[in-house]
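An overview of the molecular structure
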Amino acid sequence: MFLHSVNLWNLAFYVFMVFLATLGLWDVFFGFEENKCSMSYMFEYPEYQKIELPKKLAKRYPAYELYLYGEGSYAEEHKILPLTGIPVLFLPGNAGSYKQVRSIGSIALRKAEDIDFKYHFDFFSVNFNEELVALYGGSLQKQTKFVHECIKTILKLYKGQEFAPKSVAIIGHSMGGLVARALLTLKNFKHDLINLLITQATPHVAPVMPLDRFITDFYTTVNNYWILNARHINLTTLSVAGGFRDYQVRSGLTFLPKLSHHTSALSVVCKQLQLTTVRAFFDLIDADTKQITQNSKKKLSVLSHHFIRHPSKHFEENPAIISDLTGTSMWVPVKVSKWTYVAYNESEKIYFTFPLENHRKIYSHVYCQSTMLDTNSWIFACINSTSMCQQGVDLSWKAELLPTIKFLTLRLQDYPSLSHLVVYVPSVHGSKFVVDCEFFKKETRYIQLPVTHLFSFGLSSRKVVLNTNGLYYNLELLNFGQIYQAFKINVVSKCSAVKEEITSIYKLHIPWSYEDSLTIAQAPSSTEISLKLHIAQPENDSHVALLKMYTSSDCRYEVTIKTSFSQILGQVVRFHGGALPAYVISNMLLTYRGQLYSLFSTGCCLEYATMLDKEAKPYKVDPFVIIIKFLLGYKWFKELWDVLLLPELDAIILTSQSMCFPLISLILFLFGTCTAYWSGLLSSASVRLLSSLWLALKRPSELPKDIKMISPDLPFLTIVLIIISWTTCGALAILLSYVYYVFKVVHLQASLTTFKNSQPVNPKHSRRSEKKSNHHKDSSVHHLRLSANDAEDSLRMHSTVINLLTWIVFLSMPSLIYWLKNLRYYFKLNPDPCKPLAFILIPTMAVLGNTYTVSIKSSKLLKTASQFPLPLAVGVIAFGSAHLYRVPCFAFIPLLLHALCNFM
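Residues numbered from 1 in each chain as written. Predicted model: local features only at pLDDT ≥ 70, side-chain atom pairs only at ≥ 80, totals over all residues. Heavy atoms only, no water.

- Looking at an unreviewed UniProt entry, one finds the chain named GPI inositol-deacylase and attributed to Theropithecus gelada.
- UniProt, in the comment section headed Sequence similarities (unreviewed entry), describes the chain in these words: "Belongs to the GPI inositol-deacylase family."
- UniProt's Function (unreviewed entry) comment on the chain is quoted here verbatim: "GPI inositol-deacylase that catalyzes the remove of the acyl chain linked to the 2-OH position of inositol ring from the GPI-anchored protein (GPI-AP) in the endoplasmic reticulum. Initiates the post-attachment remodeling phase of GPI-AP biogenesis and participates in endoplasmic reticulum (ER)-to-Golgi transport of GPI-anchored protein." (UniProt positions renumbered as here; feature names shortened; annotations may be inferred.)

Section: the pattern of salt bridges
- Inspection of the entire model under this criterion finds 20 salt bridges.
- Measuring nitrogen to oxygen at the nearest pair gives 2.7 Å for the salt bridge that ties K406 to D374. Of the two residues, K406 sits in strand β19 (residues 406–411) while D374 sits in the loop between β15 (365–370) and β16 (379–383), which places them 32 residues apart along the sequence.
- Owing to a relative accessible area of 1%, K406 belongs among the buried residues under this scheme.
- With its nearest N and O atoms 3.7 Å apart, the salt bridge here joins K507 to D516.
- Taking relative accessible area as the criterion, K507 reaches 7% and is therefore assigned buried.
- Several salt bridges share partner residues, and in doing so they unite E607, E792, D793 and R796 into one network. (Salt bridge = Lys/Arg side-chain N within 4 Å of Asp/Glu carboxyl O. Helix = DSSP H or I, 4+ residues; strand = E, 2+ residues; numbered from the N terminus. Buried < 20%, exposed > 50% of the residue type's maximum accessible area, 1.4 Å probe, protein only.)

With respect to the sheet that holds strand β30 (residues 555–563)
- Judged by pairing direction, the sheet is antiparallel, and its four strands sit side by side in the order β23-β30-β25-β28 without closing on themselves. Edge positions in the sheet fall to β23 (461–466) and β28 (525–532), since each of these pairs with one other strand and no more. On average, adjacent strands in this sheet sit at an angle of 15° to one another, irrespective of strand direction.
- The pairing of strand β25 (residues 486–495) with β28 spans eight bridges and is antiparallel. Counted as the bridge partner of V491 is T527 from β28.
- Here helix α12 (residues 565–576) sits on the sheet in contact with β25, β28 and β30, set at roughly 35° to β28. (Pairing = 2+ DSSP bridges. Axes fitted to C-alpha atoms, helices over the stretch in contact; angles between N-to-C directions. Contact = heavy atoms within 4.5 Å.)

Let's talk about the state of the cysteines
- Per the stated rule, a full pass over the model turns up three disulfides.
- Across the disulfide from C382 sits C389; the S-S distance is 1.9 Å. Because the sign of the S-S torsion sets the handedness, a value of about -60° for the bond joining C382 and C389 places this disulfide among the left-handed ones. Taken individually, C382 and C389 each receive the classification buried, so the pair is uniform in this respect.
- Each disulfide pairs two cysteine sulfurs, and for C495 the partner residue is C555, the sulfurs being separated by 2.0 Å. (Disulfide = S-S within 2.5 Å.)

Digging into the nonpolar core
- Among the nonpolar cores identified, the biggest contains 138 residues, and L477, M549 and V559 are the most heavily contacted of them.
- Setting aside anything within four residues of it in sequence, one finds L477 in contact with L449, V451, I489, L508, L531, V544, A545, L546 and L547.
- Grouped together as the second largest cluster of nonpolar side chains are 45 residues, L140, C150, I154 and L193 included. (Core = buried A, V, L, I, M, F, W, Y, C linked by side-chain atoms within 4.5 Å.)

Some words on the packing of aromatic side chains
- Tallying each qualifying case throughout the model produces 44 aromatic pairs.
- Geometrically, the ring pair formed by Y367 and Y472 is stacked, given 5.3 Å between the ring centres and 10° between the ring planes. With Y367 in strand β15 and Y472 in strand β24 (residues 472–478), this residue pair connects regions lying 105 residues apart in the sequence.
- Its relative accessible area of 4% is what places Y472 among the buried residues.
- Aromatic rings pair up to connect W339, Y341, F352, F354, Y363 and F439 into one cluster.
- Stacked on the ring of Y473, the Lys or Arg R445 has its end atom at 5.4 Å from the ring centre.
- We note K828 situated over the ring of W726; from NZ or CZ to the ring centre the distance is 5.1 Å. (Phe/Tyr/Trp six-rings, centres within 6.5 Å; stacked < 30°, edge-to-face > 60°. Lys NZ or Arg CZ within 6 Å of the ring centre and 35° of its normal.)

This is the structure we're talking about:
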């Protein structure tokens, strides 16, 4: 019946949109490189020692606890307090466990053992009872206050120690990082209680899914405080992102407000992240206080050294720039522009010197690399020397470490005082490594490669051939800086016959967001690299995205780039998938409007799918939003907007977050239409299935002849549900009301099915006397058929209503899930985001469950009710696409007017 009301072209369109959505979802959940990170392992059994909290605190927060992590003998020793180490507090995120501290805690313990416990860290972890704070924001403030108390409790554990800490370092995972930032907003919180904050995959900019106003209010409070008090916040903070592999929190959300130059978001994941964090922690220790340094400059230097620069050397606070190059070493001059040396079982040290004077006349850059991945200095420069020098400038600090090489690139004109470049080869036994150097002109290695057009859909491509025998190429990816752009880069390497394995490294460098990615390929090969962004290029940023290629001189390379349509769809899902419910309900409201107006004008209600095809058009919604956004650019309109106390337009918020796709609202509207169709098909099939089960279990009653809007049990049921909403959880009462409404619709469907099955087949009568004798019976049957037609009309209307209610219930479920999970601690959800909605929706659903189209056809309010859904469909898009908790508020208004039509 539902499918019969849709023509084949529309059905083909809906199937095609499902295909496109599948492509986008596949790219989000599976369209990333293979996970090459290794797991971190503990060497002894982990123990989580519960820290006893003051009784008043434990009573105030019965669901929360504080633990100290330990392993083996360390755990046994620290069961007897006080402690002697450096405190670090781990805060889990949404549905996170306090046991997640094991990974970094175990690595830090091994590192402390390596230095004979000269320094060690005590890792504490908070048990938030795995609360779903990404779905329900009502407990975020409570978590923040509990963490404040935990910090004070932790510091008391070190009282009386020689080097007692006065502050703690915090590692916040996911929403735990936001809770850590919120500490600074507390009235009685002293900022110097935190000396370092590292957040991992924390959505700082905005919530992933804004499902209630408490989440968005919390974000607004925290971010406004950090922005307005930027000059007074002296807390060293680092935000680390998870890259495209983290499909729950996209990296663009992890960028902190631009407080200072060190704020950054990095794409480092798995064991590498934990190892890097632990190394940074140990380099942050002040030898005098045996605690984390209070020197902000040093903290920034350490974090930059480990998370951004990677110079292949241990961190030194004051590194020696001038190094002695004396001793029993060979000095070998090299005058060629390209040089390779294979070191194997070297018995003595060698300094290879490259005179720069002649090279400056021909070349602009010099590039050197070594496969010896130790942390010793390996490249120097002589100043005003003829052939050798006793002291040289250590350039190793300017080098960079990659998985298989360490390298240095210098622009010669930046170092006019340098006379020689010196490459140091130490004496080695039993190991083999290769050192390469080459001088080159910039124009031969810095190559521009414009990306293909967005709407080429991968049908065209651009290619560049690298014919020179170079070790390093820098491809500038022109016209690439928007999040809706996505490409596939194919690098083909063709090598001459070589016996040894050749490794090439391709590094994608995005200068405005530190979202670098590495691809390691064995040559010869064909390697595919995905090219897309976590954050768009700022308007005032002139940098260019780069593909840096560390290649072999024995190979030739071809680089081809083309638009990836599937990855563009993935970016649509990644950045705007959360807004889909708003567009679905906007489509349903337009359909609802069409049905109400059809009932008003013709006295009958058309099928849901037919009306969806007729009424759900993007030109009825999008132009209004675009016009409002345009007018808000004028001061007078903005002042009028503010006088009316209207919230900020969601489209403006998305623009401020650099999330504007071309035609994105149209694309989402079409996806919303498709989802609304399949949602209607599912709900219709579900009602028919449930009615069949009802018929199989119980004999239904006949179609109602005496229609009553308010049955005797309806007021009692409504009062009971409102009491449930007030005393427990509003979402629970909404769900129960929804179940009651579905029961009424299923009962009506079952009654109609029984009536149709009970009607006899009318035979053809040729005699007029038989027709006259059956006239009274036929009239009676005709009356029943009218009742059946009204029932069918009512079911068509109920089909749309049940769709709207399903999505309202769906958007209300997060708070119900949270309440059920914490039921043993709190019987009443407080604060409750759904309580105001429940008070209105419960009686509305109760009345609608007893509403038939025949009872509202003559209502004076019907025309008005049929006009309201259109502006509400616009309002859902304008104010609900980035604030999903507002969507039910728009959806219930036409339902309320529909219910009131029974009385007016």
